[in-house]
Amino acid sequence: MILTDKNILLENVDLVNFAGINEKNIDFLRDRFKANITLRGENIFLKGAKEEISQIEIIIKELVLLQKRQGKISEGDVNLIVELVTGSQDLALEKRTGVKREEIDDVILVEKSDYIKPKTLGQLELFRKSKTNEIVFAIGPAGTGKTYLAVAIALAALKAKKVNRIVLSRPAVEAGESLGFLPGDLSEKVNPYLKPLFDALEDMVPREKLETYFEKNIIEIIPLAYMRGRTLNNAFLILDEAQNATSMQMKMFLTRLGINSKCIITGDITQIDLPAKQTSGLVQIQNILKNIEGVEFVYLDKKDVVRHRLVKDIINAYEEFSVNTNGINSISSSEKSDTDSNIAEE
């Protein structure tokens, strides 16, 4: 066996967070590999088999990029990236998604040195099904990256010139508030509802380029009500917070799809803000389109949560509360609105 040496410089990295408490993250790597791994200041020294060193180098670079993107990394992040890079989840990936490791592509380049790709099995399934179907529904709780990944997939399609434009939409329904009671003109009234979509775009596209996209209508962000009467060809459509679309609004949105267009619809059916008498289009559509070719449903769950660890704990707590006390009926409508607005969707 031929041994090789490698020195990796950790520039502009939070070393305390990267290494973990008492170098716990580094120790995790040491336990998984036979190679020698030594952290000295801003340098990681590696010595071992060439194949292992190559894998460790990829893992370290992935962790550095992830820390720069989200501000910090957790033990779970380290474990997930190690499993994805080493291929220890190959059987699970193939069983659930039919995709082998070598078939997994980066979703989109954010900058020359940074990119976004699926971080969980649920996200990988969403990515894969979006490549082979015209309409994909992504249903799951807060923090599973539904909106963020959908925007990244759309931008990747635009960059690859598979579509000419992106249209992002949201129902203007939140926590029981009415547009009429919000200050400002129409644009100022609807902007708060569309802010999460702006945030995702701003995280992936340089500001100057994004402004150009908006000016040329290459990217358009509009309330769902403004989609009526349009036919969108060569476009990538995203409907976010679709649990707050009525049955008629859902039908209206889906029938906007034109030639050579694709669509991702995201939502969380546990956070519906519609009046009690109105049926959520996202709930109903699961039965209506379940046997239509070219339409797929992806269900994400708490295992796919990629936000702060507390988000997963919060979801678990609400599930337990609902089971023990029929919690949905125990929460008043005003309390539910407060809860839904505080656990914001991506």
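Residues numbered from 1 in each chain as written. Predicted model: local features only at pLDDT ≥ 70, side-chain atom pairs only at ≥ 80, totals over all residues. Heavy atoms only, no water.

Colleague: I'd like a rundown of the sheet that holds strand E9 (residues 235-239), residues and numbers included.
Modeller: In spatial order, the strands read E8-E7-E9-E10-E6-E11; together these 6 strands make up an open sheet with parallel pairing. Both edges of this open sheet fall to strand E8 (219-223) and strand E11 (295-299), since each of them pairs with a single strand only. Averaged over all neighbouring strand pairs, the angle between strand axes comes to 15°, with direction disregarded. Sheet analysis places strand E7 (residues 165-170) next to E8, joined by 5 bridges and oriented parallel. Paired with Val 167 across the bridge in E8 is Glu 220. The strands touched by helix H11 (residues 281-288) are strand E6 (135-139), strand E10 (262-267) and E11; relative to E6, the strand with the most contacts, the crossing angle is about 125°. (Pairing = 2+ DSSP bridges. Helix = DSSP H or I, 4+ residues; strand = E, 2+ residues; numbered from the N terminus. Axes fitted to C-alpha atoms, helices over the stretch in contact; angles between N-to-C directions. Contact = heavy atoms within 4.5 Å.)

Colleague: An account of the packing of helix H6 (residues 121-132) against helix H7 (residues 146-159) is requested, with residue identities and associated values reported.
Modeller: It is the contact of H6 with H7, at a shortest axis distance of 11 Å, that shows an interaxial angle of 35°. For the pair H6 and H7, the sense of crossing is right-handed. Two secondary-structure elements touch here, H6 through Gln 123, Leu 126, Phe 127 and Ser 130 and H7 through Lys 146, Leu 149 and Ile 153. Partitioned by chemical class, the residues of the contact of H6 with H7 number 4 nonpolar, 2 polar and 1 charged. (Left-handed = near helix turned anticlockwise from the far one by under 90°. Nonpolar A, V, L, I, M, F, W, Y, C, P; charged D, E, K, R; others polar.)

Colleague: Tell me what's going on with the side chain of Asp 77, and back it up with residues and numbers.
Modeller: Positionally, Asp 77 belongs in helix H4 (residues 75-86). Not counting residues up to four positions away in its chain, the partners in contact with Asp 77 are Leu 63, Leu 66, Gln 70, Lys 72 and Lys 119.

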